[in-house]
Structures are given as structure tokens and as C-alpha cells.
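Here's the letter readout for the chains.
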Amino acid sequence: MNLDFETPVTEIETQLLELKAVADPDAATRATIAELEKQREAKLKALYASLTPWQTVQVARHPERPMLRDFIAGLTVEFVELHGDRLFGDDQGIIGGLATLKNQQRVMILGHQKGKNIEENLRCNFGMARPEGYRKALRLMKLAEKYGLPVLSFIDTPGAFPGADAEERGQAEAIARNMMEMAVLKTPVVVLITGEGGSGGAIGIGVGDVILMLQYAVYSVISPEGCASILWRDGSKAPEAANALKITAPSLKQLKIIDGIIPEPLGGAHRDYPAIMQTVGNLLGKTLKSLVGVSAGKLVSRRYNKFAAMGRAS
Amino acid sequence: MNLDFETPVTEIETQLLELKAVADPDAATRATIAELEKQREAKLKALYASLTPWQTVQVARHPERPMLRDFIAGLTVEFVELHGDRLFGDDQGIIGGLATLKNQQRVMILGHQKGKNIEENLRCNFGMARPEGYRKALRLMKLAEKYGLPVLSFIDTPGAFPGADAEERGQAEAIARNMMEMAVLKTPVVVLITGEGGSGGAIGIGVGDVILMLQYAVYSVISPEGCASILWRDGSKAPEAANALKITAPSLKQLKIIDGIIPEPLGGAHRDYPAIMQTVGNLLGKTLKSLVGVSAGKLVSRRYNKFAAMGRAS
Amino acid sequence: MGWFSHKKKQAPTLEVAKEEVWVVCPSCKAHVYREEWEKNLKTCDRCSFHERLTSAERVAMLLDPKSYTELNPRLTFSDPLKFVDAKGSYAEKAAETSTKTGLKESIITGIGRLRGRKIVLAVMDFRFMGGSLAGGTGEKIRLAAEAAIRHRYPFVIVAASGGARMHEGIISLMQMPKTCAAIARLREARLPYISIMTDPTTGGVSASFAMVGDIHIAEPRALIGFAGRRVIEETIKQKLPEDFQTAEYLLAHGFVDMIVPRPGLRDTLHQILAYRRT
Amino acid sequence: MGWFSHKKKQAPTLEVAKEEVWVVCPSCKAHVYREEWEKNLKTCDRCSFHERLTSAERVAMLLDPKSYTELNPRLTFSDPLKFVDAKGSYAEKAAETSTKTGLKESIITGIGRLRGRKIVLAVMDFRFMGGSLAGGTGEKIRLAAEAAIRHRYPFVIVAASGGARMHEGIISLMQMPKTCAAIARLREARLPYISIMTDPTTGGVSASFAMVGDIHIAEPRALIGFAGRRVIEETIKQKLPEDFQTAEYLLAHGFVDMIVPRPGLRDTLHQILAYRRT
Ligand SMILES: [Zn+2]
Ligand SMILES: [Zn+2]
């Protein structure tokens, strides 16, 4: 499913479909197909070489963008899911468990889980977690600390669920407590923003030693629409807000909020799962190797300094 | 309000009431009054010198028996109540807060709170706490540990609330977690059983360095009625079950479950609040003094050994 | 705590004639080849009914053959209260049960290998007075936890209990904090502590060592709960839903990490225990 | 996060004519002698409406006279995103606000005595862009916490904020973990950290340093919550109850230790801080 701004590409793809449908295409047809494919790639390259922040938001929110369970399938040889916060419930908006990466590194994986269809989205609440989701995540992080396992936290959420029940059960407390405990967790924590970094909902599991971000992911204090409706008094001004808020990976790298940008395949991760899994897998492996030897004390003090530097009047 | 088995005393007291109602009693009446008062005291002494376990249960459950707020009023010069478990709610079945004892010793006080009338009982659920009550207690104990304050835990509950909501929110987890955390709490913990020590509901805040018990309190794995209905197939056999279960202070002292029995005024604590406050206050003062100097490490290892010895085939 | 009566309703005995080739599943009444029933470790793959196992069967199913050495085999029940009820003396009843089952208490503990890995394993046995928690049970759990700390082995416990044993009164109640204090030491030593909840895991056992595991594994349809169903229904004056206090209910409410059919337990444990790096 | 619009509805300004001897309570419209209104620190003892205070008023009300020395007085807002919206540049807007209020950021921090006891006090000021949390705010909180650790003084914070300041985008969001990391250090140093929640304590501030206090004190009727009321109502397609996200609501739901009318705040803090023995 193509995005609006990809219409030039879509047109070519429709032609290609027709041509490829021909039973045994003659030389001329085959040549046109090859030509069209070259044009398609060029078009895609041009589009994605100059994505506006607002276009990046569309890519980040693409329904076929790889989600946590896709990353788990693509990056691990084993995943033992763990459920429940031992207090109230088992939120499906955040899931996690023990996992063995392809390089045999054992980790605790957790993160937001979005749905691929309406049924899944209803179950996992579109990746918007409730307090019990954050409290489950904290329990798993403490378990990782006890077993000496690094934590991999995947972020992809429109935001923490703004429901009456979530508010009633302390969404604010759950997020605050998570950040405080993650700040001093005595095990390596790698945070990976893969899709939407939705404000408090994201930072609730976003405190770590290394923060990585997919090339077309976004990370913001507020959604462009929300910001536009307040500061521009007009929700349709989301593109302007997206520009002003500096929510794309390059801007965030420049602002020293993230430590690395993970390049995506041409046209975004949703167009080539194997490719993105390969890239993410390699970088994760290297990142973990660099962290595993570091003492807990050093990890925690570096983490403190990393966040302390954010916003210091440079 | 007198108990059934106190009928002999009640009769004398009714006569005394009538006589005392006479405007200006002549010498003879005054003499009879004095005589009757001596008889009343002798009767009371005789009754309370040989209370059966089942009678002790009635005294422990006496509606006018001093409850936590009475002890707080009687033992402290200041009480700053603290509310909430920071997770779900503020259970009124267990209350607690910062307190300054009359000897100026600062402590964290917590315990079950029963009601003196139906309205209070509905609010505090007859002293039967829900998970959020145990989780509030744990938060206050951790706060006491942080501030270096000894913990005073008052026990008086028929049991943990057996409601569907309590079960749903993890009554078992809340009790288990409390015992585990209390076992290693790095501050002195003094436990005082003042009325009913209702099984899991009691031990949920009952792990400490020194366990004290009021003379006519009871402490049991199951209520006499519950035990009778199962092992005697007949709830009315509660007195027999009460005998068999060894739930009175002398038995528990002998079984090395408790460390000290606090003598009650004649006829039970409900007959003389000032007296029981005096006794409890003195003993608490001494007990705290003996614990305050001990290192956290030593406290915790002694606590472990204390409970380890309970049930070791002697 | 009100659980013995439960024994009659919940655990229908197996209708099987010795020489019969069939076993009738007590729950869905399906006829299952005896061989298949044993292969599935006495569970029904149609309705996932899990028949109770003896502690010996449990050890055999989890540990590598001949790898198990029992800890404190001679530690037996005691009778601190000289308890006598309408049915006679507790000491006699326990002695009888002991002779009938060959067990000295409601739990056996030991060290063995699970697919090669050394672990300390504690397994409760419902046949010994409903698997009730008493002085001897708590002491064996504590000693087993100390052994785990000494050898730095993970500790795995299989709960199957009607709760605290009334016949030892307050001593039974004190086994709750006593076992939790031992688990706190395991945590301090950063040793894995896995709690497997089987049918039933109730009362004082659910409210102590069974509910503070690093990871909670429940067998399908197991009854897991603190207060007795009847007591709760009397309290709230309402019928409770069918799935109340089942493993599935606890999974939905956040108190169980996973439900694993019995045949998969050994491999799941092996999988999990590989994640310990301390 | 959707809080500025809130400013108009929630905080009716005071209808008072300079020379008037009366003050009309914006909530219950009672006429109150100005003197009494000031004596009650701008609160209505009929309906317990608490008018917002400036940070200077807050400091004066809590600390002993002339005992306050400000920390990092020159630390001012910054404009990391060079943010410009429909109403113009953030830098200009903030500069204007600064001139108008004399404040350099939405918080002032310092050391002073509260009935003789030295504490570190941080007080937010709603007049500076809704008390919004931005880079400078987070940095001053962090530096204040470090000062508390250096001097081993308790840390008291008075929250009054519409949440994270959008104009500094992700930098504002990062002040949430940054401040929480500082609070974690206070905990490690076993220093008391008391959070006072005043109207409003919302969004990113409620979901960070305000909600991880040893003890939470809220002013009566204060609006305390994470997601905006309107956002929640849109999500659940229902009207929310009147008391939703008030201090009283949070007390009932376990997130606030006590509600203390403003005139009693100073003594309550003095009382509580006496309980620190580490
Ligand atoms: Zn079946
Ligand atoms: Zn008013």
C-alpha cells in the first residue's frame, strides 16, 4: 500500500503490474518492464532522498512498517514471552520476554506492539499502553538486571493510552517510575525507536545507554497534529508543526538525543523486511558488544550524564 | 458491653447501677456498694484468671477493644497519616503514617484498622484489607527504611478480605511480597498483635525483629469457626477448635512464635484504655531502644533465624 | 483453610480398569488410549485436563534419569500442637498417610539435572494431607534454598497444595514468612527462582513462596487462588465466573507469566534457565 | 501537550478593583475581605478555591524571611529548535514573558530555611509559559538536586505546570528522564524528596519528577493528571466526572499522600522533615 506522496511511483507500479501480467512477454515488453523498473527506483530514490518531516511521519506510521513481533521474528532464534505486571493485568500494548539473538547473544526484549489489522489493533490498543504495560516492562527489566541480561527496548507508539482507566491506575506514576528505575538499572539498556516515538508513551521505556533510531522513524514531545491544533490553532497545519518540532532522525542526531541512525532500505523498511532485519541485527550486535563489558556503575553514571547534557544551554 | 461468659459480673454491675442511681445513699447503701464492687472485682479476677481459648477469642474480638487509632491516640504525640499505594487505591483496612511516641521516639506506624460502629466498619471493611492496603503498608515500610525509622506494625484483623476484587488484584501476591520484603527490611520492625491475628491477613504485615502480643489477643492460621466446620464438620465446635489450635498468647510464647506477652488490665484492655496504653508504651520504648543500635545486617540475619527456627523439628 | 472439602469436587479419580486399554478423561469423558495418556504425562489433549501427579512422577518427568539425589529425606512431619480433632489425632493420621504414600511430608526436595543442568528441585505432593504447608514442608524448602545458594544452582519449585495445614496451627502459618525469607536470600544471591503452579495452588502456599517467583509457569486449568471459592461467594453473595481462580484467569490478570501444558514443561524450564548469566 | 487552552477555562482571573476592600472568590463568588484573602494566602475558606501563586509568593510563604539564596539565577530558557509557530518566534515570546514576569525560566530553585531547617526548594511558576517543562527547567531541577546531595539537605519541589513545553520539542521531553535520574540519585543518598502538587500539575511534569516523591502533598482541588481531559473524553467518547483528575480524586486512587490547605503547608512540611534520621 503506497503513501499519498508516492503517487508517481504508484503509477509506474500499476503499469508494471499490467505488463507483468502478460503470459509470455516478448522482448519489447521485457525491455519496457526493465525500463519502468529503473524509473521506479529512480523515482523512489528521489522521493526518499528529500522526505519532508511530515512525509517521514507517514512512513513512520505506515501500517506495513515492521512492528515488534516482526523484529522479534527477524532478529531472534528464540523468544520466550513473559506476561503480567503481578499487580493488575497483562497489557498487550507492551510485550516482552527472554530472547536469543541470531548471534546467540541472550537479552530481554520489550517494547510497544502495534497491530497489523483492526483485530490485532483492538487487542494491543494500537500500541498505546496502559500503566500495567509499563509496570510489566519494569518487572522484566528488573528480572534482566537480576539475570545479568542486557535490555533491548523497542519504541513504536502514538503515545501512552489517554483513557480514563489508564489515568485512574496511574499512567503518570508508571511512566515516572520506569524512567527513574531505568536511569539506575544495573545492566546495559539499548533503546531502538522503530516507528512512532510518541512522547511520554515512548520515554516511559526509553531511558538507555545507547539510543538508536530507524532512518524514517520519528520521535516527538507531541504529535504534529496536536501541536498544530494548539500553536497554529489548525490541525491541518501538521506539516508545519512537523518541521518546527525537529522530529526526524537527522535532527535528533544533531540535537544529541539519539546516538545512531539505522539506514532503511529504499522506500522504507516496510518495502524490504530482510534488509532492515540485517542492518538492525548487525548494529545491535555491535552495540551490545560495546556495552556488555562495562561495569554497572559506569553504565549508570554515563546514562546520567547523557540525559543531563540534553537541554543544557550549549 | 459485657461478654456472655461475664454474666456473673454483669449481674453485680446491674445491681451497682441501681444502687448508685440513688440520690444521696445512706451508709448501708454505701457499704453494699463497696461490698458489691469488691465482689465484682473478685468475680472478674476469677473469670479472667482462667479464660478458655474460646473466651479469649471473644475478648480479642470485643467491639470496644482498643483499635489502631486508639493506640495511636494513646501512644503518640504526633501522627501524620500517609495515604495510597501509588498503584491502585487507598485501602482503609490498613492505615499508617509517621508518628512520634510519647518518649519522643520517631517511628513509622501501620496496621489494620477496625471500626467502632457499622459506618466505620463499612469504611475500613472490618479491618480486612485488600491488596492495595498491603501495598500501601509496603510503601510506608520502604519509606521508613529510607529515613532510618523503626517500623511498628499493629495486627488486628479477622483475615485478608476474601472478596472477588481482592483476589483479582492479587491478594496472594501482595501478602507474599510483603513477607519477602519485610524479611530483609534494613530497619527495626516491631510487630504487636493487639486483637485478632487473622492468618494470612495478619502475617502479611507480621514479619519483624520482635513480635509482641496483648495478653487476650489471639493469633491463628484459621479462625476457630473455620477449623471446626472443616475438621469437626460442625461450626459450633469452635471452642474445641480454639483449644486445639493453641492460639492464645501463653501457647504462642511457649511455641516461640512471639517474644513477649503484654499484660492487660483486669477484665481486658477494653476496660481500661489508659492502663493498656501505659503498659504498651513502656514496653515499646524499651523494645525499640534495644533494637535501634543493631546494624541492619544483624537485624536481617537474626530475623531470618527467628523464622527459620519456627517449625524445625525440635 | 477450607481446601480439603475441595479435594472431593475437583479431583475426580480416574475411571480405569487395570487391564483396560482405555482411560476415560475425568473432565471431557473422552476415551484415550492408556499409552497415549501416559505419553502425555496423564493429560488430555482434547480438553487439556491435567490429572494430579505424585511427587515421584513429577521428578521423573522433569529431571534426567538417575540424576536426582534427595535432600533431607528423613525430615518428617512433627506435631507441635499435639493436635486432636473429631477424626482423632493428627500424629496418627499423618503416620497413616506416610505409610500409605511412603512420604514423610507434603514435599520432597533434591538436586538433579534438567537436560544436563544442575538445579535444586522442590516438588509438593497433594497426597500428603492435600499437599498442605506445615513445619516440615517449610523447613525442607528453606534447606533446599540454602543448598541452592551454597551450590549456586537455580531453584525450581512445583506447588500443589490446599494451603496451610491446620493441624500444626500457627507453625504452619509461620512457614509462609519463613519460606519467603529464604526466597529473599535467593534473590540476594541472584539465583533464578522459578515457580510452577499446578492444580491446586491455594491459600497459604499461593500467598507465599509460589507467588514471588522470577517467572510463574502454570499448568493449564490449574486452580490457583488465595481465598476459597465458597468463602468468596459467601462474602460477595454472588456466584463466581467459571474461570475464576484458574491459571487462565491469573494469566489475564497479570499473575502468571505463561501457561505451559505438562509435556512442554521440561523443555520450557531448560529454555528459561539458559538465560541466567549471573 | 494540550494544556495552554486549559489556561483560559481553569484559572479565572481575580475580579478585584485595586482600591476595593473586597475580593470575590472566582469559584464560589463569596465576597472576602482582601486582608482575610491575603491572610489565607489567597485561598477561599468557604469553597477551598486556591488561587495560583507566583514563585516569589510561594517561596515567601514556605521559607523563613531572608533565608533564601537562589541557585542558578542566571540560567535562562534556550531555543534549541529555533522554534517559530503561527504566533511568531518562541525566543521572542519567551523573552517577552521574561521581561513581563522578571523570570528567566518556569522554575526558581534555591536554598533556604523552613522553620530553621535548611532545605533545597524548587518552585515552578505558571506565569512563565504555563510553567511548562523545558531544557532550562530540567537543568535547574537537576542542579538543585545535586546541591541537595552535596549539602545533604532535603529537596522539596512545588509543581505548577501545563506539562512539557512544545517550543523546545524533544529537549522538553528529555527533561522527564533527566529529572527522574536526578531523583534516583537523591534516593540513593537517602535524602527526603517531597513533591507538592499545586494547580495544575499535568502532562510531562505529572509523569516525571512530581509523581515519584517520598511523600505527595496536594493543594485542595488542584488539577493533577497526565492526559488532557478533552483528549480523554474524545478517546472514551464519554463525559468525565467532575472530580476527575482533582487532588481529591488522586487521594482516593492512591497517588497522593495527603491534601493540605495552603495555610497548613509550611507546618506540615516542617513536621514531615523532622522524621528524617539518615
Ligand atoms: Zn479431556
Ligand atoms: Zn470560594
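These remarks concern the structure in this document. Keep in mind that what you see is a predicted model, and the values were worked out from it rather than measured. (Residues numbered from 1 in each chain as written. Chains lettered and ligands numbered in written order. Predicted model: local features only at pLDDT ≥ 70, side-chain atom pairs only at ≥ 80, totals over all residues. Heavy atoms only, no water.)

## Quick word on the relation of the copies chain B and chain A
The criterion, for reference: Superposing copies: least-squares fit, C-alpha atoms only, residues required to have pLDDT of at least 70 in both. Contacts are residue-level and defined by heavy atoms, with any inter-residue pair within 4.5 Å sufficient.
The operation relating chain B to chain A is a screw motion whose rotation component is 180°, with 0.1 Å of axial translation and a residual RMSD of 0.1 Å. Expressed as an axis order, the relation between the two copies is that of a two-fold axis. When you check the interface residues of chain B against chain A, 100% turn up at the interface there too, and the contact is symmetric in its surfaces.

## Quick word on the packing of helix 5 (residues 135-151) of chain D against helix 6 (residues 169-188) of chain D
The description of two helices packed together rests on the angle between their axes and the distance between the axes. All names here are of chain D. For clarity, the threshold we go by: Note on geometry: axes are lines fitted to C-alpha atoms, helical ones only across the stretch in contact, with angles between N-to-C directions running from 0 to 180 degrees. Each helix is a run of DSSP H or I of at least 4 residues and each strand a run of E of at least 2, with the numbering of both proceeding from the N terminus. Note that the term roughly parallel is reserved for angles under 35 degrees, roughly antiparallel for angles over 145, roughly perpendicular for angles of 65 to 115, and oblique for everything else. In this classification, the charged set is Asp, Glu, Lys and Arg, the nonpolar set is Ala, Val, Leu, Ile, Met, Phe, Trp, Tyr, Cys and Pro, and all remaining amino acids, among them Gly, are polar.
In the contact formed by helix 5 and helix 6, the axes pass within 8 Å of each other and the chain directions differ by 10°. Judged by the angle between their axes, helix 5 and helix 6 are roughly parallel. Each of Gly135, Gly138, Glu139, Ile141, Arg142, Ala145, Glu146, Ala148 and Ile149 in helix 5 lies in contact with helix 6, whose residues at this interface are Ile171, Gln175, Lys178, Thr179, Ala182, Arg185 and Leu186. For the contact of helix 5 with helix 6, a count of residues per class yields seven nonpolar, four polar and five charged.

## Things to note about the packing of helix 4 (residues 68-75) of chain B against helix 13 (residues 273-292) of chain B
Residue and element names in this part refer to chain B. Between helix 4 and helix 13, the shortest axis-to-axis distance is 9 Å and the interhelical angle comes to 70°. Between helix 4 and helix 13, the angle falls in the class roughly perpendicular. Judged by residue contacts, Asp70, Phe71, Gly74 and Leu75 of helix 4 engage Tyr273, Met277, Val280, Gly281 and Leu284 from helix 13. Residue composition of the contact of helix 4 with helix 13, by class: six nonpolar, two polar and one charged.

## Points about the coordination of the zinc ion (ligand 2)
Residues and elements named next belong to chain D. As a reminder, the rule being used: Sites may look incomplete because water is not among the atoms; the donors themselves are N, O and S atoms within 2.8 Å of the metal, or within 3.2 Å for Na, K and Ca. For four-coordinate sites, all angles between 85 and 135 degrees define a tetrahedron; for four- and six-coordinate sites, opposite donors beyond 155 degrees with the remaining angles between 65 and 115 define square planar and octahedral shapes respectively, and all other cases count as irregular.
Ligation of the zinc ion (ligand 2) by protein atoms is provided by Cys25 (SG), Cys28 (SG), Cys44 (SG) and Cys47 (SG), these donors lying 2.2 to 2.3 Å from the ion. Its four donor atoms give the zinc ion (ligand 2) angles of 105 to 113° at the centre, a pattern that matches the tetrahedral case. For the zinc ion (ligand 2), the donor residues sit on a single chain with the sequence spacing C-x2-C-x15-C-x2-C. Placement of the pair is Cys25 in the loop between strand 1 (22-24) and strand 2 (31-33) and Cys44 in the loop between helix 2 (34-39) and helix 3 (55-62), with a sequence separation of 19 residues.

## Regarding the interface of chain C and chain B
Selection criterion: The term buried area refers to how much accessible surface (probe radius 1.4 Å) is lost by two components on association, counted for both of them together. A carboxyl oxygen of Asp or Glu within 4 Å of a side-chain nitrogen of Lys or Arg is what we treat as a salt bridge. Here a polar contact is recorded for every N or O atom pair within 3.5 Å, except that within protein the pair must consist of a potential hydrogen donor and a potential acceptor, and residues adjacent in sequence are included only if both atoms are side-chain atoms.
Counting from both sides, the interface comprises 52 residues of chain C and, opposite them, 46 residues of chain B. The largest contributions to the chain C side of the interface with chain B come from C:Met166, C:Ile170 and C:Phe226, which together make up 14% of the buried area. Here chain C is connected to chain B by two salt bridges. One salt bridge connects C:Arg187 with B:Glu181, and the closest N-O pair in it is separated by 2.8 Å. Between the two partners, chain C and chain B, sit 11 residue pairs in polar contact (both at pLDDT 80 or more). The element that contributes the greatest number of residues to the side of chain C that touches chain B is helix 6 (residues 169-188) of chain C, accounting for 16 residues. The class makeup of the residues in the side of chain C that touches chain B is 32 nonpolar, 12 polar and eight charged.

Structural measurements only, silent on function.
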